[in-house]
Each structure stands twice: as C-alpha cells, then as structure tokens.
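Listed here are the chains, written in short residue letters.
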Amino acid sequence: VGHCHPDIVKAAHEQNQLLNTNSPYLHDNLVDYAERLSKTLPEKLCIFYFLNSGSEANDLALRLARQYTKHEDVVVLDHAYHGHLTSLIDISPYKFRNLEGQKEWVHVAPVPDTYRGLFREDHEDSVTAYADEVKNIIEHAHKRGRKIAAFFVESLPSVGGQIIPPAGYFQKVAEHVHKAGGVFIADEIQVGFGRVGKHFWAFQLQGEDFIPDIVTMGKPIGNGHPLACVATTKEIAEAFAATGVEYFNTFGGNPVSCAIGLAVLDVIEKEQLQAHATEVGNYLMKILKEQQLKHPIIGDVRGCGLFIGVDLIK
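Structural notes, computed from the coordinates. Note that the structure is a prediction, hence the values are computed from the model and not measured. (Residues numbered from 1 in each chain as written. Predicted model: local features only at pLDDT ≥ 70, side-chain atom pairs only at ≥ 80, totals over all residues. Heavy atoms only, no water.)

### A word on the overall build of the protein chain
Now for step 1: Scanning the protein chain from N- to C-terminus turns up 10 helices and nine strands.
Now for step 2: Here the C-alpha radius of gyration of the protein chain, 20 Å, is about what a compact globule of 314 residues would show, namely 20 Å.
Now for step 3: Its C-alpha atoms give the protein chain principal-axis dimensions of roughly 60 × 55 × 40 Å.
Now for step 4: Out of the 314 residues in the protein chain, the part that is buried amounts to 52%. (Helix = DSSP H or I, 4+ residues; strand = E, 2+ residues; numbered from the N terminus. Rg over C-alpha atoms; globule rule 2.2 N^0.38 Å. Buried < 20%, exposed > 50% of the residue type's maximum accessible area, 1.4 Å probe, protein only.)

Shown next, in the form of structure tokens:
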C-alpha cells in the first residue's frame, strides 16, 4: 500500500501508545483482524494462526498438513522457493539443489509453464497433462511405500519465473492429492492481497470451484511490518489441537501487528487498490507487448494485475 502510508503509521503509533503485549494476553484486535480477513476468503477457511513471517507461516502449514494427514511427504513444483527455515529449504528446489540436495520425502513436479515447460500453448490439454505429472509422482511414491501429506505451491510461481498456471490445473491436482490423503497448500505470500487485481487471492484465478485446504500469507500483509498468517479449515485445526501441544507464538498476533493488518485492509479497500493493480497492470502489459513486437529478444509477456513476467530469449 506504499512506503510509510500515513494510515498504517497512524494505526501502529496509536496502538503502540496504548498497549503492545505478548500475544497470549487476549486483545480485541486479534479477533477483529481474523474476522476481517475471513471475509476475503472462502467460508471453509475460518481458522487463523498469526505469526511473524512468511517462512514461519509455511513451516506451520507443513506441520498442520502432517498432523492432519499423518503422512510425511510433500510434492512441490520445480524452481519453487517457500522460505528460509530448514524445513522450507528442504521443499524449495530453488535452494536445495545448491545445498544438500533433495530429501527422500520431497517430490518435484514440473512447473505448469505453457511457454517454456513440458506442455506448451499448442498442447491439446496442458492442464490435464501437467496434473497427470503430479498423479504419476504420487503413484510412484506410493510404490515406494511413501505417503503424501501435501501439495505445496505458490498460487502463481514467482521465483520460478512469474508463471500463470492454466486455469483448472489446481482443481485436477487437488483431486489427485486428496485421493492420496494429502492436503492442498496455497502459498499466497508474494501474490495475495489483491496484487492480481481481479481477485483478492491469486488462487481464485483458478475458478470459484477451487478452495485450498491451507492458505499462507506474508509480505504485503503488514506493509513491511513483520506479520504473517495461516488460514485453514476447522477439521485441520482440530487435528492439530488434538495433540495437546498448543500453538504458541510470542509476537504473532500482537495488538500492534493486528492494528497494522487491519489498517492495510482498510487502505486496500478505501483506495481501491485491486482496481488500481488491474488498471496499471493492463497498461504495463500493453506497452510491454508493444515492445515485444519490436524486439525479438522478448519471447513472452505474461501476467495478471501487478504480477508480470517478461521472458527474454536468445
């Protein structure tokens, strides 16, 4: 919403003057913020955990998935990056290929990239073809006695090259993952909060019939303030609580963070930033496509709202 946005600065300052506590002390801001966030999401995603960073959110999502499914393995997309904790380096091909390599519980699926990928724009059904790659990975894992806990994916792969997965891909993948007893985790840390313009969440680009089991949020959620969130279903949260080991985060969901989170949602709404992302994004795409006609080095221009990729080729 912009550097030092006055509304955000004011909300932080006012709450700081009143109270900022360790979050196990109850405060209305926590509940108010959870309620506001819930209005942006499908109804079944109604339980919220607040944390300090996107990495913390993705680590918790992994824990939730494993506790709920009682499985260990994770399917990720090639080139993915999900955070800097050890658990997330393990599921980030972008990182682990240069470090300790792939763990036996990690399975890497091809990016659903219809420009450079295995199945391209001229393929008769790239959606099914890419989803079948995930299905084959799951079947191969089962033959080795492995069990899938989650398919973990950025709703729009960013580090992987600003990829827009073809609509319907998530639905088909979710079908295979659910059949294997796993859950679908949508990482919205870079792409959520109206960046895509048309929708508040990037996973909604896949269609109204698609709802992830877990959604993680970070980066824009606090406009630079350390704030993150995991949203999930009652069933998954109950399975997590059933361990008797409650989730505890000293600063996740403290009053100041929640005041800032609420102010961010206010600004997005008041300044119509979703419409702004659409308008500016469309304009940028238009002028980039004009450049593409002039310069053979520009192979592809793709994007949605203010999530745009320019693919340079030889």
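### Details of a nonpolar patch on the surface
Now for step 1: A contiguous nonpolar surface patch, about 190 Å² in accessible area, is contributed by Val 280, Leu 284 and Leu 306.
Now for step 2: As for its placement among the helices and strands, Leu 284 is situated in helix α10 (residues 273–294).
Now for step 3: Among the residues examined, Leu 284 registers a relative accessible area of 32% and is labelled partly exposed. (Patch = residues over 30% accessible without salt bridge, like charges linked within 9 Å, V, L, I, M, F, W, Y side chains within 5 Å. Areas by Shrake-Rupley, 256 points an atom, 1.4 Å probe, with all protein chains shown as cover. Salt bridge = Lys/Arg side-chain N within 4 Å of Asp/Glu carboxyl O.)

### Quick notes on the pairing of strand β8 (residues 298–304)
Now for step 1: Where burial is concerned, most of β8 is hidden: six out of the seven residues are buried.
Now for step 2: The pairing of β8 with strand β9 (residues 307–312) spans six bridges and is classified as antiparallel. Each residue of the ladder has a partner; that of Val 301, found in β9, is Val 310. (Pairing = 2+ DSSP bridges.)

### Quick word on the side chain of Glu 154
Now for step 1: Within the fold, Glu 154 resides in strand β4 (residues 148–154).
Now for step 2: At 7.4 Å, Arg 195 is the nearest oppositely charged side chain to Glu 154, a buried residue that forms no salt bridge.
Now for step 3: Within the local environment of Glu 154, its side chain forms a polar contact with the side chain of Ser 158, the two groups lying 2.7 Å apart.
Now for step 4: Look past the residues within four positions of Glu 154 in its chain and what remains in contact with it is Tyr 81, His 82, Val 159, Phe 170, Asp 187 and Gln 190. (Lys, Arg positive; Asp, Glu negative; His and termini not counted. Polar contact = N/O pair within 3.5 Å; in protein donor to acceptor, adjacent residues only side chain to side chain. Contact = heavy atoms within 4.5 Å.)

### Notes on the packing of helix α1 (residues 6–18) against helix α9 (residues 255–270)
For any two helices packed against each other, the geometry is given by the interaxial angle and the distance between the axes.
Now for step 1: Direction vectors running N to C along α1 and α9 enclose 155°, while the axes themselves pass 8 Å from each other. Here α9 runs roughly antiparallel to α1, going by the angle between their axes. Seen along the crossing, α1 lies across α9 with a hand that is right-handed. Between α1, through Asp 7, Ile 8, Ala 11, Ala 12, Gln 15 and Asn 16, and α9, the contact on the second element is made entirely by Pro 255, Val 256, Ala 259, Ile 260, Ala 263, Val 264, Val 267 and Lys 270.
Now for step 2: Here the contact of α1 with α9 is built from residues that sort into 10 nonpolar, two polar and two charged. (Axes fitted to C-alpha atoms, helices over the stretch in contact; angles between N-to-C directions. Parallel < 35°, antiparallel > 145°, perpendicular 65-115°, else oblique. Left-handed = near helix turned anticlockwise from the far one by under 90°. Nonpolar A, V, L, I, M, F, W, Y, C, P; charged D, E, K, R; others polar.)

### Remarks on the nonpolar core
The tendency in soluble globular proteins is for nonpolar side chains to be buried as a group.
Now for step 1: Judged by nonpolar contacts, the single largest core of 53 residues is most densely connected at Tyr 33, Leu 37, Phe 151, Tyr 169, Phe 184, Phe 193 and Met 217.
Now for step 2: Looking at this core element by element, the count peaks at nine residues for α9.
Now for step 3: Sequence-distant contacts of Phe 193, defined by excluding residues within four places in its chain, comprise Leu 37, Phe 200, Trp 201, Met 217, Pro 220, Ile 221, Leu 265 and Ile 268.
Now for step 4: Residues Tyr 49, Ala 57, Leu 62 and Ile 214 belong to the second largest nonpolar core, which totals 25 residues. (Core = buried A, V, L, I, M, F, W, Y, C linked by side-chain atoms within 4.5 Å.)

### Notes on the sheet that holds strand β3 (residues 106–109)
Now for step 1: The strand order across the open sheet formed by seven strands is β1-β7-β6-β5-β4-β2-β3, and the pairing between neighbours is mixed. Each edge of the sheet is formed by a strand with only one pairing partner; in this case those strands are β1 (47–51) and β3. When the angles between neighbouring strand axes are averaged without regard to direction, this sheet yields 20°.
Now for step 2: Here strand β6 (residues 214–217) runs beside strand β7 (residues 228–232); their pairing, made up of four bridges, is antiparallel. Bridged to Met 217 within β7 is Cys 229.
Now for step 3: Set on the sheet, helix α6 (residues 126–143) makes contact with β2 (73–77), β3 and β4; between it and β3 the angle comes to about 155°.
Now for step 4: Packed onto the sheet, helix α7 (residues 169–179) meets β2, β4 and β5 (183–187) and runs at close to 140° relative to β5.

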